[in-house]
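An overview of the molecular structure
Residues per chain are reported as follows:
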Number of protein chains: 2
Amino acid sequence: MAVDKGYMSGSARMLVLNLLNEKSQYGYELIKTLKQRSNDVFDMKEGTLYPILHKLENDELISSSNQEVSGRVRKVYCITDKGQRVLAREREEWREFSVAVNQVLTFGGI
Amino acid sequence: MAVDKGYMSGSARMLVLNLLNEKSQYGYELIKTLKQRSNDVFDMKEGTLYPILHKLENDELISSSNQEVSGRVRKVYCITDKGQRVLAREREEWREFSVAVNQVLTFGGI
DNA sequence: TTATTATACCTAGCCATACTAGGTATGTCA
DNA sequence: TGACATACCTAGTATGGCTAGGTATAATAA
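Here's what I pulled together on the structure shown here.

1. So, the overall build of chain A
Across its full length, chain A carries four helices and three strands. Counting from the amino terminus, chain A carries its helices and strands in the arrangement α-β-α-α-β-β-α. Within chain A, the proportion of its 110 residues that are buried is 43%. Long-range pairs, those at least 24 residues apart, make up 49% of the contacts in chain A with a sequence separation of at least 6. For chain A, the accessible surface area stands at approximately 5800 Å², while carbon and sulfur atoms represent 47% of it. Looking at charge distribution, chain A has the averaged site of its 16 positive side-chain charges lying 2 Å from that of its 15 negative ones.

Rendered as C-alpha cells:
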C-alpha cells in the first residue's frame, strides 16, 4: 500500500463490497482489481482480504460458489441484497467522513 | 463519532496536528474544536486524544507548556517545525488515499 | 452550604482490524 | 525440471482508538 495502512481501517470492507457489487470475482482477482483501479495505491494483502471475505460471507453480505474460470476452479464471490444495502450505508458513511476531514483540513481556505 | 470509528484510524493524528498548526491549544479545547469544525461528525474521546498528544510530544512533533488560560493553568500544545513537515506529508497521504477510494467507488460514473 | 455538572488531565486494559509469515496446491514457462 | 505466478488459507502480531475508571478544580444549582 502506498499510503499508511492505518487509512485502510474501516475502508477495506467497503472497497471489497463495492467491487463485488460491480462484478462477481474470486479473491485473488479482487486484489488485482483493487490495485489497478486505485493506480497502485491499494496493494491489499491476502492476509487482509481472505479474512474479510470469510466474515462478509458469514454475515451473509456476499455468497460464494466454486466455478471454473480459465480452466481452473476458483471460489467466486457474489454480493447479496443485504450486502448491497450495507454497501449503500457504508458509502454514505465514507462520504460523510471524508467531507468532515476535508472541512477540518481546509479551514480558512488553506 | 457519527461515522464508524474504524475510519478514524490513521487520521486522528493528522487532524490533531492540523489543528495545532493553525493555533496552539490545550487538549480539552482540541476535542471541542474538532467536534465543531466537523459539524459534530468527530467526537474524539479523551482516551484517544491524550495518548496521541503524548506520542506526538515524544516524537517532537509538538511541544507543551503550562500556561494560564482564563484564570486556570492548562497544558497548551504547540506544533514544531518537524511537526509541520510531518503534517504536510500526512495531508498529502490523505489526499492520495481519499482520491484512490473515490476512484474505486465511482468507477463507471456511479 | 452542598450537590451537581462541566472542565481538564491521565492511564490500564480491551477490542477491532490490517499485516506478517508461514503453509498448501496447481498451472505456466524457460 | 526448476522457478515463478496463481490461488487459497490461517495463527499470531502490531497498531490504534475506545471503555471505563481515576484525580482535581471551577462554576452553577438546589
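2. So, the protein's contact with DNA strand D
Close contacts around DNA strand D come from 23 residues, with A:Tyr28, A:Glu46, A:Arg74, A:Lys75 and B:Thr48 the closest. Here the atoms of DNA strand D within 4 Å of the protein split so that 68% fall in sugar or phosphate, with bases taking the remainder. Within the side chain of A:Tyr26, a nitrogen or oxygen atom sits 3.0 Å from a phosphate oxygen of DNA strand D. With respect to DNA strand D, the side chain of A:Glu46 contributes an N or O atom lying 2.6 Å from a base nitrogen. If you tally residues by element for the surface near DNA strand D, the top one is helix 3 (residues 46-58) of chain A, at five residues. Partitioning the surface near DNA strand D into residue classes produces eight nonpolar, seven polar and eight charged.

3. Here's the deal with the pairing of strand 2 (residues 62-69) of chain A
As judged from the eight bridges shared by strand 2 of chain A and strand 3 (residues 72-79) of chain A, these two strands associate in the antiparallel manner. If you follow A:Asn66 over to strand 3 of chain A, its bridge partner there is A:Lys75.

4. A short note on the pattern of salt bridges
A full pass over the atoms with the stated rule returns 15 salt bridges over all chains. Of the charged contacts, one joins A:Lys55 and A:Asp59 as a salt bridge, the two residues approaching to 2.7 Å between their closest N and O atoms. Relative accessible area serves as the criterion here: at 25%, A:Asp59 is assigned to the partly exposed category. As a salt-bridge pair, B:Asp59 and B:Arg13 come within 4.0 Å of each other at their nearest N and O atoms. You can see B:Asp59 sitting in the loop between helix 3 (46-58) and strand 2 (62-69) and its partner B:Arg13 sitting in helix 1 (residues 12-22), a full 46 residues away along the chain. Because the salt bridges share partners, they merge into one network encompassing B:Arg13, B:Lys55, B:Asp59 and B:Glu90.

Cut-offs used in this document
- Per chain, residues are indexed from 1 in the order of the written sequence.
- Here chains are named by letter from A upward and ligands by number from 1 upward, in the order in which they appear as written.
- In keeping with the predicted nature of the model, local features appear solely for residues at pLDDT of at least 70, side-chain atom pairs appear and are counted solely at 80 or more, and the whole-chain, interface and lining totals rest on all residues.
- Side-chain descriptors were evaluated using all non-hydrogen atoms of the structure, hydrogens and water having been removed beforehand.
- Counting from the N terminus, the helices are DSSP H or I runs at least four residues long and the strands are E runs at least two residues long.
- Each residue is placed in one exposure class: buried if its accessible area under a 1.4 Å probe, protein chains only, is under 20% of its type's maximum, exposed if it is over 50%, and partly exposed if it falls in between.
- Residue contacts are counted whenever heavy atoms from the two residues lie within 4.5 Å of one another.
- Working definition of accessibility: Shrake-Rupley area with a 1.4 Å probe, residue cover restricted to the visible protein chains.
- This count recognises Lys and Arg as positive and Asp and Glu as negative, with His and chain-terminal groups excluded.
- Positions of charges follow a simple convention, taking NZ of Lys, CZ of Arg, CG of Asp or CD of Glu.
- Summary of the distance rule: residues count as near a molecule or strand when at least one heavy atom falls within 4 Å of that molecule or strand.
- For the purposes of these results, a polar contact is taken to be a pair of N or O atoms within 3.5 Å, where, inside protein, one atom must be able to donate a hydrogen and its partner to accept one; residues adjacent in sequence count only when each atom of the pair is a side-chain atom.
- Note on residue classes: Ala, Val, Leu, Ile, Met, Phe, Trp, Tyr, Cys and Pro are nonpolar, Asp, Glu, Lys and Arg are charged, and everything else, Gly too, is polar.
- When DSSP finds two or more bridges between a pair of strands, those strands are recorded as paired.
- The term salt bridge refers to a pairing of a side-chain nitrogen on Lys or Arg with a carboxyl oxygen on Asp or Glu at a separation within 4 Å.

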